[in-house]
Amino acid sequence: FSPPADTLLSKVNKAGAGGEGSIMTRLGRIAAETGVVKLCTQGLVARCIMIGTLTAGQFGIFDIVMGALGASKFHFHDPAAHE
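Going along each chain's sequence as written, the residues are numbered from 1 onward. Local features are withheld for residues below a pLDDT of 70 in this predicted model, meaning they are given only at 70 or higher, and side-chain atom pairs are given and counted only at 80 or more; totals for whole chains, interfaces and linings count all residues. In computing side-chain properties, one takes all heavy atoms of the structure into account and sets aside hydrogens as well as water.

Here we take up the overall build of the protein chain. Helix and strand labels come from DSSP, where a helix needs a run of H or I of at least four residues and a strand needs a run of E of at least two; each type is numbered from the N terminus. Check the secondary structure of the protein chain and you find four helices and zero strands. Starting at the N terminus and ending at the C terminus, the protein chain contains elements arranged as α-α-α-α. Since a compact globule built from 83 residues should have a radius of gyration of about 12 Å, the 23 Å found for the protein chain marks it as more spread out than a globular shape. With the C-alpha coordinates aligned to their principal axes, the bounding extent of the protein chain is approximately 75 × 30 × 20 Å. Within the protein chain, the fraction of its 83 residues that count as buried is 14%. Considering only intrachain contacts with a sequence separation of at least 6, the fraction spanning at least 24 residues in the protein chain is 32%. The Shrake-Rupley method, run with a 1.4 Å probe, gives the accessible areas here. Residue values count only the displayed protein chains as cover. Only carbon and sulfur atoms are counted for the fraction: they give 68% of the accessible area of the protein chain, which is about 6500 Å². Values of the radius of gyration come from C-alpha atoms, whereas the globule rule sets the reference at 2.2 Å times the count of residues to the power 0.38. Buried residues are those whose accessible area, probed at 1.4 Å on protein chains only, stays under 20% of the maximum for their type, while exposed residues exceed 50% and partly exposed ones sit between those limits. Contacts between residues were defined by any pair of non-hydrogen atoms, one from each residue, lying within 4.5 Å.

Take a look at the structure:
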């Protein structure tokens, strides 16, 4: 799950964050200070907006390309007509 890791990475790269010691020690201190819930929820709204926008954009591109190629998107068949 990347949001907590992204938040920790952003924090550990700031000068003096987590005090002295190895990277793992510093990450542990930062995680303890920040808290698990905040690590998981920080930036969540922005991520949801970003993913929603990217997904909508992909569907938009798909629709434009399919229309430009003249391809039909869905091939629904009436099962009763094939009996």
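Having seen it, we continue.
Counting residues in hydrophobic clusters, the biggest one holds five residues: Leu8, Val12, Ala17, Ile30 and Leu39. Filtering out sequence-adjacent residues up to four positions away, alanine 17 remains in contact with Lys11, Val12, Arg26 and Ile30. For this analysis, a nonpolar core means a set of buried residues of the types Ala, Val, Leu, Ile, Met, Phe, Trp, Tyr and Cys, connected via side-chain atoms within 4.5 Å.

Among the secondary structure elements, asparagine 13 is positioned in the loop between helix H1 (2-12) and helix H2 (23-34). Taking C-alpha positions, asparagine 13 is 14 Å from arginine 29, a pair spaced 16 residues apart along the chain.

Looking at where valine 12 falls in the secondary structure, it is placed in helix H1. Put simply, valine 12 and histidine 75 are 63 residues apart on the chain and 52 Å apart in space, counted from C-alpha to C-alpha. Setting aside its immediate chain neighbours within four residues, valine 12 contacts Ala17, Ile23, Arg26, Leu27 and Ile30.

A word on the packing of H1 against H2. Each axis is a line fitted through C-alpha atoms, and for a helix only the stretch in contact is used; angles between axes span 0 to 180 degrees, taken between their N-to-C directions. Put simply, H1 and H2 touch, their axes get as near as 10 Å, and they point 110° apart. Put simply, H1 runs roughly perpendicular to H2. When you trace H1 past H2, the crossing you get is right-handed. Contacts from Leu8, Lys11 and Val12 in H1 reach Ile23, Arg26, Leu27, Ile30, Ala31 and Thr34 in H2. Any angle between 65 and 115 degrees counts as roughly perpendicular, while under 35 counts as roughly parallel, over 145 as roughly antiparallel, and the rest as oblique. Take the far helix as the reference: if the near one is turned anticlockwise from it by less than a right angle, the crossing is left-handed, and if turned clockwise, right-handed.

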